[in-house]
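Letter by letter, the chains look like this.
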Amino acid sequence: MADNGRGFLALPVMRVINDSILFLITFLFCIIIETEATLLSPVPSVDSEPIINGRSNLVCGAEEFVCGNTTRCIERIKHCDGIKHCDDGEDEDGCADAHGSLESLVKAIKEHGELKDVIFDKSLDNCSLGDNVPPFCECRFFTFLFCENHNLTSVPKGIGNTITKLALTNTSLRSLPAGAFSEYKGLKIIHIEGNVIRVLSPGPFSDMTNVTFLQLMKNQIEIIEPGAFKGLENLRWLLLQNNHLKELNMTVLEDIESIEVLDLTDNRLTQLGMLPPLSRLFWLGLGNNRISRITKSTFKELASLEVLILKENVIEEIEESSFSSLESLLELDISHNRLKYLKPKLFYKLRNLNKLNLEFNLITSLPMGIFRGLDVLKSLDLQGLDIHNIDIQMFYPLEQLKFIYFKKFLYCSYAPYVRICTPKTDGLSSTEHLLVFPALRMSVWFVALMTCAGNTLVLSWRVLSRKEDKVLSLFIKNLAFADLLMGIYLVAIGSQDLSFRDSYNKYAHAWMTSNACNACGILAMVSSEVSVLILSLITIERHRCIRTNVRVITVSGARFCLAIVWIIGFTLALIPIFKWSDEKGFYSSNGLCFPLHIDDAYNLGYQYSAFIFFGINFTAVMLIISLYASMFYTIKRDRESARPVILKKHEDTVLAFRFFFIVLTDSLCWIPIVIIKLLALAGVTISHNLYACVVVFILPINSALNPVLYTIAAPTELRRKIERWLQRACIWLQQFDCIIKSSKSVSNSSSSTRTVTTQETRYIPTSSGGELELCITAI
């Protein structure tokens, strides 16, 4: 009686709690519907002024591309898609990221006729050097002598003064003595590669005023002594890559004031002094060295520099005004270094910069105005950077940016008006679509409709079933409602995909930072957590009932437990909202607003995500598996004593097998997710396609299949009634069919036969009235 009293008093309280929970869920769903219209407005753009075609006064919107001087505007999404939409194909011009160094080098090559002869001359076998060509050398391009793979210890002599190009590659030259090329005053290109020269002494190029290209790559040069380049008054290109230079005396560069290209890549330089005023130098390569610091005076005198390559060094600090004098700079590459931060005005005066590469540094945050002043920047590479303070306003000054490269697809949403952004997808979304693959879009709707229909049927079924176990029915109704939330979540995602079609990146930032996205994430999180907790509760209750053969929980107790489960579910879903309210958001890691943290295992809140999926869900699944294993063992050992009191004798095995499939679906849902998350935390790259399957197929599998397992396939009283109704309907159809067939056969008999009584028809010969006899017997 005391238990009944407590149950009676707790009943109104439980109903109030359940009503409150239903109200909160309804409120969250209303937020999604209410904010959907707001999300359809694009984020403000710095390029929001309409584009006016001067010839036709045609006004194109900010999201359209002007087809030259024609009268056509096309959607920006069609720009650089590999298909020519404009009449003259202007929409496919300039789609390659060829800004910066490539432009500068092509321009320089066109200015040097001797280099164009080497590149474009097809006359490989023509030679004008006569009979003076050594047997181990080959004459090409009329005056070009190519000596390769021969044991040379000195420069060949007596070839003639008409030679203009000399290449000595992979020989055994150990040094270049003074006057080594003195008899070849007409040389324009000297190419010495793959030798064992360690020291460049003074004087080897004395009076070589015609030499414009000097290539000394892949030697073992450690020291360049002062005066080594004396006499190269017109030298334009000096290539010293792949040597062993540890330091460079800047005075040696004073002898080559006309230098345009200087390549010191792949050496061992640890520091740089102040470079002399090389007024024509436009290309400087210092990549793959050991430089650790750039000072404000290093490049101060290089006013004409257009390309500066500092990649693959160990640079930890760059003084703020280090590039302030490089107003002509077109490309700056400081990738693959050890920079942890950048000074706010580091790039402020680089107003002509076209290309900037910062990839794979140790930078975790960028000053908000770091790109201010880069008015003509067209290519920005930020690959490999986790930018914790990334903001859409950070990229507002980059009005002409065409290419941007990030570590995460998520970051593309912060630069919505950049034409080409990579990576182009995270497996779920792309710059065009919230759901990247057509099959994925259809699957979301299929799973969503199946989940909603199945769980709505369960709720209706259980309401109509008056004679069912009230405790189990209460559990299953709450489980169905929790699973229904997953269907609502998928419907919301599918609806947003339709509204963002072909222009997702334009709305991505507004969507992922919106209350609607948070609401979707909360719905999905509440659904998954409440579902797994209720399944655990059902399992515990059934296990105790089977073990003790006594109902161990009352209806009021069940209501109390369910209220606690719903409170826990909402608490787990809402904690991230308050904990990371001032940051990018726990539910904003992808466009589906569900924090699996698989594509980026260490994203914001990854510890909490791991706690949810490892500490709660995986633990609950293992508990369910172990308890059902115990139930199977108990039923097999003693079926009579282990059978629940409300079940018939033949139903215990059916129950066990039915619950076996429940355990199987739980395992198929959560165990793969746990394994994938463990692999992601271990640094294994998870396939984008696998990520999509997890969110769309694996995660909702319980929500979609629970209605079948718990109600439609369960031996409920309502199902028995429906089965009896169906059996009666089948019998009626059989009888109706028999009557139709027998009436046709009887019509051929005599009139006296048709007037016999029902009792007499039992003796009609089988040959003429067999179907009718069967029909009467069935009645």
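Residues numbered from 1 in each chain as written. Predicted model: local features only at pLDDT ≥ 70, side-chain atom pairs only at ≥ 80, totals over all residues. Heavy atoms only, no water.

(A) Structural context of the overall build of the chain. Scanning the chain from terminus to terminus reveals 16 helices and 22 strands. In the chain, the proportion of contacts linking residues at least 24 apart, taken out of those at least 6 apart, comes to 58%. Taken as a whole, the chain presents about 36,200 Å² of accessible surface, with 57% of it coming from carbon and sulfur. (Helix = DSSP H or I, 4+ residues; strand = E, 2+ residues; numbered from the N terminus. Contact = heavy atoms within 4.5 Å. Areas by Shrake-Rupley, 256 points an atom, 1.4 Å probe, with all protein chains shown as cover.)

(B) Fine view of unusual backbone geometry. Across the junction of T422 and P423, the peptide omega takes the value 0°, indicating a cis bond. One can find P423 in the loop between β22 (420–422) and α4 (438–464). With phi around 55°, K218 is a residue other than glycine that occupies positive phi space. Here K218 lies in the loop between β10 (213–215) and β11 (223–224).

(C) View of the packing of α4 against helix α5 (residues 470–499). The N-to-C vectors of α4 and α5 enclose an angle of 150°; their axes lie 8 Å apart at closest approach. The angle between α4 and α5 places the two elements in the roughly antiparallel class. Between α4 and α5 lies a crossing of left-handed hand. Of the residues contributing to the contact of α4 with α5, the split by class is 15 nonpolar, seven polar and five charged. (Axes fitted to C-alpha atoms, helices over the stretch in contact; angles between N-to-C directions. Parallel < 35°, antiparallel > 145°, perpendicular 65-115°, else oblique. Left-handed = near helix turned anticlockwise from the far one by under 90°. Nonpolar A, V, L, I, M, F, W, Y, C, P; charged D, E, K, R; others polar.)

(D) Expanded view of the pairing of strand β6 (residues 144–148). With four of five residues buried, β6 lies mostly within the body of the structure. Pairing between strand β5 (residues 137–140) and β6: four bridges, direction antiparallel. Paired with C137 across the bridge in β6 is C147. The antiparallel hairpin formed by β5 and β6 contains three residues in its connecting segment, where F141 sits at a positive phi of about 50°. Pairing of β6 with strand β7 (residues 165–169), which is carried by five bridges, proceeds in the parallel orientation. The residue bridging E148 from the neighbouring strand is T169, located in β7. (Buried < 20%, exposed > 50% of the residue type's maximum accessible area, 1.4 Å probe, protein only. Pairing = 2+ DSSP bridges.)

(E) Structural view of the UniProt feature "transmembrane region" (unreviewed entry) in the chain. Mapped onto this structure's residue numbering, the UniProt feature "transmembrane region" (unreviewed entry) falls at residues 21–40, 444–464, 471–492, 512–540, 560–578, 610–635, 655–683 and 689–712. For residues 444–464, the helix share is 100%, the strand share is 0%, and the end-to-end C-alpha distance is 30 Å. The distance from the first to the last C-alpha atom of residues 560–578 is 27 Å, and the span holds 100% helix and 0% strand. (UniProt positions renumbered as here; feature names shortened; annotations may be inferred.)

(F) Structural view of the state of the cysteines. Evaluated as defined, the whole model comprises three disulfides. Here C137 engages in a disulfide with C147; their sulfurs sit 1.9 Å apart. An S-S torsion of about 105° defines the bridge between C137 and C147 as right-handed. Residue C137 is located in strand β5, and its partner C147 is located in strand β6; the two are separated by ten residues in the primary sequence. Accessibility assignment for this pair places C137 and C147 in one class, buried. Paired through a disulfide, C517 and C593 show a sulfur-sulfur distance of 1.9 Å. An S-S torsion of about -120° defines the bridge between C517 and C593 as left-handed. Remark: C593 occurs in the loop between α8 (555–579) and α9 (606–637) and C517 occurs in helix α7 (residues 515–548); sequence separation between them is 76 residues. (Disulfide = S-S within 2.5 Å.)

(G) Layout of the packing of α5 against α8. Relative orientation of the contacting elements α5 and α8 amounts to 20°, with a least axis distance of 9 Å. Relative to α8, the element α5 lies roughly parallel. In the crossing of α5 with α8, the sense of the turn from one axis to the other is right-handed. Facing K470, V471, L474, F475, N478, F481, A482 and L485 of α5, the residues of α8 in contact are V555, A558, R559, L562 and W566.

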